[in-house]
Amino acid sequence: MTIWRRNRSWLWPAFFIAPGIILFGIVIVGSSVQSLWISFFQWDGFEEMQWIGLGNYIEMLDDPQFYISLRNNIIWLAVFMLAPPLGLFFALLINQQIRGMRIVKSLFFMPLVMSQVAVGVVFTWFYDPSSGLLALFFEAMGATAPALLSDPRWVTLAVVFAALWPQVSFCVILFMAGLNNLDESQIEAARVDNARGWKMLWHVILPQLRQVNFIAIAVTVIGALRSFDMVSVMTSGGPFGSSDVLAYQMYSQSIQAYRFGYGAAIASVLFAIMVVFISWYLWRMLRMEKEGA
């Protein structure tokens with residue numbers, strides 16, 4: 001009891017955090033290590049695993065579909081980086097004290113309540129070149145709607161813009177929470193110094209939203225890299241693999257082609273990309289915090 005009383009300032013938090021850490025270690029870390037181990041084998045999920053070393057990774061470097069998936073992930077990442085600034089813009093817009101703005105705020109919760117599958121189905125209907133809303137718009141303009149989901153040139157952009165809608169809404173919610181926690185004394189002091197508009201935003205509001213911005217960018221990048229649901233629902237990687245991404249290629253190779261070793265190798269590469277980005281981003285944020293201090 002004496003030891004407990006002396007150390008309860010950190011034993012109580014450790015007691016409550018321990019189940020989460022154990023679960024994270026088993027489910028996330030353990031699965032990641034096991035996936036990395038499987039990537040060195042040739043395995044169909046049923047028969048005995050055969051050690052091939054770096055064979056799966058060597059095959060990956062010669063696989064043109066891998067580079068298509070990687071290119072599409074880069075497109076996802078580039079388009080998804082629009083989500084944080086758009087989220088901040090809409091958060092600032094709907095944070096105004098205007099009548100009816102509460103209804104507008106509630107509309108931004110809709111994409112978050114809907115599942116990714118539902119969003120994918122809705123946008124599949126929207127892109128339908130025969131009876132979708134896009135077709136009606138082109139018909140009103142006297143033109144024929146393109147079959148975006150059947151065109152290898154545009155299919156990836158069509159899917160990623162569909163996925164951008166809920167991502168922007170997520171960033172709006174994050175920035176709304178950050179705006180509600182701003183230090184009013186700093187804002188009032190800035191107003192006394194005649195700070196308005198862009199000066200107020202850049203020098204007073206954005207520095208206080210630095211942590212929220214960090215979360216928004218990190219979650220957005222991770223969401224772009226692990227994109228799977230929308231691709232699966234809207235195109236299944238088609239046409240002819242042109243909309244494939246690394247996460248969906250990992251699934252198709254593992255579950256559909258029964259090549260668990262090759263799928264694990266793709267998963268390991270995707271995980272390595274995420275780790276490199278998160279490590280670099282954390283280092284950059286810590287450096288900025290030290291320089292700011």
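Structural data are supplied above this passage.
Residues numbered from 1 in each chain as written. Predicted model: local features only at pLDDT ≥ 70, side-chain atom pairs only at ≥ 80, totals over all residues. Heavy atoms only, no water.

Undergrad: Can you walk me through the overall build of the protein chain in this structure?
TA: Check the secondary structure of the protein chain and you find 15 helices and 2 strands. Seen through its principal axes, the protein chain has C-alpha atoms that stretch 80 × 70 × 35 Å. Per-residue burial for the protein chain yields a buried fraction of 36% across its 293 residues. Accessible area of the protein chain: about 18200 Å², with a carbon and sulfur share of 67%. Averaged over its 17 positive side-chain charges, the protein chain has a centre that lies 18 Å from the centre of its 17 negative ones. (Helix = DSSP H or I, 4+ residues; strand = E, 2+ residues; numbered from the N terminus. Buried < 20%, exposed > 50% of the residue type's maximum accessible area, 1.4 Å probe, protein only. Areas by Shrake-Rupley, 256 points an atom, 1.4 Å probe, with all protein chains shown as cover. Lys, Arg positive; Asp, Glu negative; His and termini not counted. Charge placed at Lys NZ, Arg CZ, Asp CG, Glu CD.)

Undergrad: Before we go on, may I ask you to explain the environment of F16 in this structure?
TA: Here F16 shows up in helix α1 (residues 2-38). C-alpha of F16 to C-alpha of S232: the two residues are 216 residues apart in sequence and 38 Å apart in space.

Undergrad: Help me understand the packing of aromatic side chains in this model?
TA: Two aromatic rings, taken as a pair, are described by how far apart their centres are and by the angle between their planes. A full pass over the atoms with the stated rule returns 23 aromatic pairs. Considering the side-chain rings of F46 and Y258, the 6.1 Å spacing of their centres and the 50° angle between planes classify their relative orientation as tilted. With F46 in the loop between β1 (41-42) and β2 (50-51) and Y258 in the loop between α14 (246-256) and α15 (260-292), this pair connects stretches of sequence that are 212 residues apart. When its relative accessible area of 69% is taken as the criterion, F46 is described as exposed. Between Y248 and Y251, the aromatic rings sit 5.5 Å apart at their centres with planes inclined by 50°, giving tilted as the arrangement. Highlighted residues: Y248 and Y251, both in helix α14, separated by 3 residues, approximately one helical turn. Of the residues examined, Y248 reaches a relative accessible area of 5% and is grouped as buried. In this structure Y251 comes out as partly exposed when scored by relative accessible area, which is 28%. Through a chain of ring-to-ring contacts, the aromatic side chains of W37, F40, F41, W51 and Y57 assemble into a single cluster. (Phe/Tyr/Trp six-rings, centres within 6.5 Å; stacked < 30°, edge-to-face > 60°.)

Undergrad: Whenever I open this one, the pattern of salt bridges confuses me. Can you help?
TA: Opposite charge on two side chains makes pairing possible when the charged atoms of those side chains draw close. According to the stated counting rule, one finds 2 salt bridges in the structure shown. Between R259 and E59 there is a salt bridge, and its shortest N-O distance comes to 2.8 Å. Here R259 is found in the loop between α14 and α15, whereas its partner E59 is found in helix α2 (residues 55-61), with 200 residues between them in sequence. Two residues, D151 and R153, come together in a salt bridge whose shortest N-O distance is 3.0 Å. Residue classification places D151 among the buried positions, given a relative accessible area of 17%. Residue classification places R153 among the exposed positions, given a relative accessible area of 66%. (Salt bridge = Lys/Arg side-chain N within 4 Å of Asp/Glu carboxyl O.)

Undergrad: Can you walk me through the environment of Q116 in this structure?
TA: In this structure, Q116 sits in helix α7 (residues 116-126). Q116 gets classed as partly exposed once you look at its relative accessible area, which sits at 30%. Put simply, Q116 and W198 are 82 residues apart on the chain and 35 Å apart in space, counted from C-alpha to C-alpha. Apart from residues no more than four positions distant in its own chain, Q116 is found in contact with P166, D229 and M230. (Contact = heavy atoms within 4.5 Å.)

Undergrad: I keep staring at helix α4 (residues 83-94) and nothing clicks. Help me out?
TA: An α-helical turn contains 3.6 residues, so any two residues separated by three or four positions project in the same direction. With 12 residues, α4 ought to run about 16 Å at 1.5 Å a step, and its terminal C-alpha atoms sit 16 Å apart, in line with that. Among the residues of α4, A83, P84, G87, L88, A91 and I94 are the ones counted as buried. One side of α4 carries all its buried residues, which in axial view fall inside an arc of 145°. Where α4 is buried, its residues meet α3 (64-80), α5 (101-107), α9 (155-179), α11 (197-208) and α12 (210-225). (Expected span 1.5 Å × (residues − 1). Arc of directions from axis to C-beta.)

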